Amino acid sequence: MEKEDCIKLFIRNIRTLRMQEGLSLTELGKRSGVPLWMLEELEDGTLSDEMMLTDTLRLAEVFHCKIRELFQ
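What comes next concerns the included structure.

Details of the overall build of the protein chain
Scanning the protein chain for helices and strands turns up 5 helices and 0 strands. Helices and strands in the protein chain line up, N terminus first, as α-α-α-α-α. Computed over C-alpha atoms, the radius of gyration of the protein chain comes to 11 Å, within 12% of the 11 Å expected from 2.2 N^0.38 for 72 residues, which places it in the range of a compact globule. Along the longest, intermediate and shortest principal axes, the C-alpha atoms of the protein chain span 30 × 20 × 20 Å. Considering only contacts within the protein chain whose residues lie at least 6 apart along the sequence, 57% involve residues at least 24 apart. Accessible surface computed for the protein chain: about 4700 Å², of which carbon and sulfur atoms make up 50%.

Some thoughts on the packing of aromatic side chains
One pass over the full model with this rule turns up 1 aromatic pair. Relative to phenylalanine 71, the ring of phenylalanine 10 has its centre 4.6 Å away and its plane inclined at 15°; by these criteria the two rings are stacked. Of this pair, phenylalanine 10 sits in helix α1 (residues 3-21) while phenylalanine 71 sits in the segment after α5 (67-70), and the two are 61 residues apart along the sequence.

Quick word on the packing of helix α2 (residues 25-32) against helix α3 (residues 36-43)
Running from N to C, α2 and α3 point in directions that differ by 125°, and their axes come no closer than 9 Å. As the angle between them shows, α2 and α3 are arranged oblique. Read as a crossing pair, α2 and α3 show a hand that is right-handed. Each of Leu25, Thr26, Leu28 and Gly29 in α2 lies in contact with α3, whose residues at this interface are Leu36, Leu39, Glu40 and Glu43. Of the residues that constitute the contact of α2 with α3, the class distribution is 4 nonpolar, 2 polar and 2 charged.

A word on the environment of asparagine 13
Take asparagine 13: it is sitting in helix α1. It is 8.6 Å that separates the C-alpha atoms of asparagine 13 and glutamate 69, two residues lying 56 residues apart in sequence. Ignoring any residue separated from it by four or fewer positions in sequence, one finds asparagine 13 in contact with Glu69, Leu70, Phe71 and Gln72.

Reading guide: rules and limits
- Residues numbered from 1 in each chain as written.
- Predicted model: local features only at pLDDT ≥ 70, side-chain atom pairs only at ≥ 80, totals over all residues.
- Heavy atoms only, no water.
- Helix = DSSP H or I, 4+ residues; strand = E, 2+ residues; numbered from the N terminus.
- Rg over C-alpha atoms; globule rule 2.2 N^0.38 Å.
- Contact = heavy atoms within 4.5 Å.
- Areas by Shrake-Rupley, 256 points an atom, 1.4 Å probe, with all protein chains shown as cover.
- Phe/Tyr/Trp six-rings, centres within 6.5 Å; stacked < 30°, edge-to-face > 60°.
- Axes fitted to C-alpha atoms, helices over the stretch in contact; angles between N-to-C directions.
- Parallel < 35°, antiparallel > 145°, perpendicular 65-115°, else oblique.
- Left-handed = near helix turned anticlockwise from the far one by under 90°.
- Nonpolar A, V, L, I, M, F, W, Y, C, P; charged D, E, K, R; others polar.

Here you go:
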């Protein structure tokens, strides 16, 4: 799978999981510790170069899944 495809899946999965949980971006930011601006960029279709593995791990923890599941 191409890098771009993985990024698109990641973005889609975060948005879908957030909506399923009924979380606003602000609430997701509070729960995960990921800055709101980064989550807004993410849902706008871009993956910030500033997003780190620790941010991805925090999101996976909020959604009770493994990091790899966010990219599938």
